[in-house]
Amino acid sequence: MSKPDAPQPQPRRLVSYAELQQHNTRADLWVLIAGEVYDATGIVDAHPGGVGPLVKHAGKDATKAFTPIHPPGTLDALPPGAHIGTIDPATVPHGRDADAPSAEERRIASARAALPVPGAALNLVEIEELAKTVLSETAWAYYRSAGDDCNSYDENRAAFKRFWFRPRVMNKIWHATTECKQFGYPSTLPIWICPAALARLGHPDGEMNLTRAAGKEGILQGLSNNSSCSVDEIMSVKAPNQHIIFQLYVNKDRPKTAALLPTLRARGFSALMVTVDAAVSGKRELDMRTKGDFAGPAGGKSQQGSGAGVGLSISGYQDPDVCWDDIQWFRSLTDLPLILKGIQCVEDAVKAFEEYHVDAIVLSNHGGRELDFSPAPITVLYELQQQRPDILQKYEVHIDGGITRGTDVLKALCLGARGVGLGRAFLYGNGCWGEEGAQRVIEIMREEIKTGMQLMGVTRLERLGPQLVRYEGVARSRL
Ligand code: HEM
Ligand code: HEM
Ligand SMILES: Cc1cc2nc3c(=O)[nH]c(=O)nc-3n(C[C@H](O)[C@H](O)[C@H](O)COP(=O)(O)O)c2cc1C
């Protein structure tokens, strides 16, 4: 914290670059953003992105790092008086913080110039490969990141290979439809967009692109609590009949969550999805390595940056003490349908419906980003189908994680899921082509789901059932 007896600087005064550089510690932390100097000391401990990233930029120009991550209006959250003033351009050292493109910016520009049209990408894996070429290193690391050794990440995809179809033939399949309901709302496909933070890292319009694509294609979207677009931005591009789900991380500062939930319906949301698998953050090493500075000696430079370790970064706003009885609390604050996202075993799935009466659940391990060795959601779904098929008939169960093909979706539906969410696929599509990329992801899924249904001898999604799928036990490679 700045010293209480220090004179309060007048707002909008001209600040020299040398003065900015002096405020470079956790206890006295200024940053330069878009030519303006801010005192961020007051938010260090409450910063949702953790202490580390702020300390790393202390006393420096943080514009390039800040803009793709934070929604407009973020700086309004700073306490009054925190806007110190405007940087004096004459004092900015020559050659430093210059606008000249970096090596990475040049790499991205040439990769973007070589990017084919969206229609040239024939499947989601191709979109992922293209995204890797055009995204910044930070964006790729953040999107692709998974927990520990990525076993859950790999297993999410691999587990689908254990299920093979038992197709039926000669069933008059020409008029097949993928229309259905998802979380109680009409949808043209049994898929929805997972809530995921920081779409702006991939494209300046961020999550707004996903909203536009979902509106045009008639599917639901989950909007992350850590969205890089503001709710106002999202609602400004939402189609009138479109349904968007608000995804919540409960804030340690409970009154903040209590104030937020009652506003959701009026702000245009159709459901509340509470994420329960990320009580603390998984150890995402790809993320950490890209971001952190691990080069310095112990006790040296690295103690200052985010590379000083996860400990420095863990000071986010999420409440690790969320419990089952909080469900009643959510219900008292909003009458929106309530979905729990992140259920990872049969017992909790049963508990969610039979004891706590939620409207829907998503079997999910957060795309393998939290607990490594948390089972693949398709495996948990299979167990549920084996042990409690009645739950699947009576209640709405979804899965997400590792879905790259229409056949993955169909397998989940055969095993009793009502729908599936896709996370990274949309971030990658958005990263390549913005709205058109997100739309291309949906288009590919539409083609693959419909063709798959027809080849299985089914014309309506309700006809999919466990009789059409068989568990093979051993993973076989995709041919
Ligand atoms: C109000 C003043 C704020 C300032 C000055 C600020 C500044 C920063 C800076 C400089 C970074 C580092 C970016 C990078 O190195 O890539 C960062 C990261 C981040 N910020 Fe903020 N931030 C503020 C408020 C917020 C708010 C309100 C949120 C949440 C809604 C937020 C969420 C994040 C997240 C999720 C990250 C990424 C964390 C990471 O890189 O590990 N920030 N912020
Ligand atoms: C590549 C740059 C990074 C970005 C863009 C980023 C972004 C984010 C975002 C958006 C969250 C919110 C939760 C979620 O994703 O579900 C988060 C959480 C977190 N990140 Fe990162 N991160 C980055 C690098 C790092 C690094 C280098 C570390 C550690 C050294 C780190 C540690 C954490 C921790 C501990 C949390 C959980 C915070 C909490 O829940 O309180 N991240 N990060
Ligand atoms: C970059 C990224 C950010 C995410 N952010 C959130 C989030 O803010 N809230 C949340 O509930 N889930 C978040 N998730 C998890 C997704 O909602 C979803 O569970 C997961 O991505 C599904 O796996 P898939 O990426 O293999 O499709 C995030 C996932 C990724 C990849």
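All residue numbers refer to positions counted from 1 along the written sequence of the respective chain. Chains and ligands are labelled sequentially in the order written, the chains with letters from A and the ligands with numbers from 1. The predicted nature of this model means local features are confined to residues of pLDDT at least 70 and side-chain atom pairs, given and counted, to a pLDDT of 80 or more, with totals for whole chains, interfaces and linings taken over all residues. Note that the side-chain values use all heavy atoms of the structure and ignore hydrogens as well as water.

Peer 1: Would you mind going over the coordination of the iron atom of ligand 1 with me for this structure?
Peer 2: Six octahedral donors around a metal ideally subtend angles of 90 or 180 degrees, whereas four tetrahedral donors ideally subtend 109.5 degrees. Each metal's donors are the N, O and S atoms within 2.8 Å of it, or within 3.2 Å when it is Na, K or Ca, and because water is not part of the set, sites may look incomplete. Every protein donor of the iron atom of ligand 1 is listed here as His47 (NE2) and His70 (NE2), and their distances to the metal cover 2.0 Å. All geometry calls rest on donor angles, where a four-donor set with angles between 85 and 135 degrees is tetrahedral, four- and six-donor sets with opposite donors more than 155 degrees apart and all others between 65 and 115 are square planar and octahedral, and all else is irregular. Given six donor atoms and angles of 84 to 178° at the metal, the environment of the iron atom of ligand 1 is assigned as octahedral. Linking His47 in the loop between β4 (36–39) and α2 (51–56) with His70 in the loop between α3 (63–66) and β6 (83–87), this pair joins segments that are 23 residues apart in sequence. With respect to class, His47 is no different from His70; both count as buried. Runs of E in the DSSP output that reach at least two residues are strands. Runs of H or I that reach at least four are helices, and both are numbered from the N terminus. Type-normalised accessible area, obtained with a 1.4 Å probe on protein chains alone, sets the label of each residue: buried when under 20%, exposed when over 50%, and partly exposed for intermediate values.

Peer 1: In this structure, what is going on with the packing of aromatic side chains? I would like to understand it.
Peer 2: Each aromatic ring pair is summarised here by two numbers: the centre-to-centre distance and the angle between the ring planes. Note on aromatic pairs: the rings of Phe, Tyr and Trp (six-membered ring only in Trp) are paired at centre separations within 6.5 Å, and the planes decide the class, stacked below 30 degrees, edge-to-face beyond 60, tilted for the rest. Scanning the entire structure with this criterion turns up 11 aromatic pairs. Ring centres of Trp140 and Tyr428 lie 5.5 Å apart, and the angle between their planes is 25°; on these two criteria the pair is classed as stacked. Of this pair, Trp140 sits in helix α6 (residues 137–144) while Tyr428 sits in helix α18 (residues 424–433); the two residues are 288 residues apart in sequence, bridging distant segments of the chain. With relative accessibility at 14%, the residue Trp140 sits in the buried group. For Tyr428, a relative accessible area of 2% gives the class buried. Measuring from centroid to centroid gives 4.6 Å for Tyr382 and Tyr471, while their planes differ by 20°, and the two rings are stacked. Residue Tyr382 is located in helix α15 (residues 377–387), and its partner Tyr471 is located in strand β18 (residues 469–471); the two are separated by 89 residues in the primary sequence. Judged by relative accessible area, Tyr382 falls into the buried class, the value being 19%. On the basis of relative accessibility, which here comes to 40%, the residue Tyr471 falls in the partly exposed class. Of the aromatic side chains, those joined through ring pairs into one cluster are Trp140, Tyr142, Tyr143 and Tyr428.

Peer 1: For this particular structure, what's the right way to read the sheet that holds strand β16 (residues 396–400)?
Peer 2: Only strands that DSSP links by at least two bridges are regarded as paired with each other. Strand order in the closed barrel formed by eight strands is β10-β11-β12-β13-β14-β15-β16-β17, with parallel pairing between adjacent strands. Strand after strand, the sheet turns through a mean of 30° between neighbouring axes, direction not considered. As paired elements, strand β11 (residues 220–223) and strand β12 (residues 244–248) share three bridges and run parallel to each other. Residue Gln221 lies in a different strand from β12, and its bridge partner there is Ile244. Helix axes are fitted to C-alpha atoms over the stretch in contact, other axes to C-alpha atoms as well, and angles between N-to-C directions run from 0 to 180 degrees.

Peer 1: I'm lost on the nonpolar core in this one. Help?
Peer 2: Side chains of nonpolar character tend, in soluble globular proteins, to be buried together. Think of a nonpolar core as a cluster: buried Ala, Val, Leu, Ile, Met, Phe, Trp, Tyr and Cys residues, connected wherever their side-chain atoms sit within 4.5 Å. With 98 residues, the main nonpolar core has Ile361, Ile378 and Leu381 as its most contacted residues. Per element, the largest residue contribution to this core is eight residues, and it comes from helix α19 (residues 435–456). Filtering out sequence-adjacent residues up to four positions away, Leu381 remains in contact with Leu363, Leu392, Val397, Ile399, Ala412, Leu415, Gly416 and Ala417. In terms of nonpolar packing, the next biggest core, distinct from the first, is built from 14 residues, Ala40, Leu54, Ala58 and Ala82 among them. In this analysis, two residues are considered to be in contact whenever any of their non-hydrogen atoms come within 4.5 Å of each other.

Peer 1: Please explain the environment of Gly437 as it appears in this structure.
Peer 2: Within the fold, Gly437 resides in helix α19. Judged by relative accessible area, which is 0%, Gly437 ranks as buried. Sequence separation between Gly437 and Ala121 is 316 residues; the distance between their C-alpha atoms is 9.6 Å. Contacts of Gly437, omitting those with residues within four sequence positions, involve Gly429 and Asn430.

Peer 1: Is there a simple way to think about the packing of α6 against α18 in this case?
Peer 2: To describe two helices that pack against each other, one gives the angle between their axes and the distance between the axes. Direction vectors running N to C along α6 and α18 enclose 165°, while the axes themselves pass 10 Å from each other. Relative to α18, α6 is oriented roughly antiparallel. For the crossing formed where α6 meets α18, the hand is left-handed. Contacts between α6 and α18 involve Trp140, Tyr143 and Arg144 from the former and Arg424, Leu427 and Tyr428 from the latter. Oblique is the label for any angle not under 35 degrees, not over 145, and not in the 65 to 115 range, which are roughly parallel, roughly antiparallel and roughly perpendicular in turn. Handedness of a helix crossing follows the sense of rotation of the near helix relative to the far helix, less than a right angle counterclockwise being left-handed and clockwise being right-handed.

It is worth stressing that arrangement in space is one thing and function is another; only the former is reported here.
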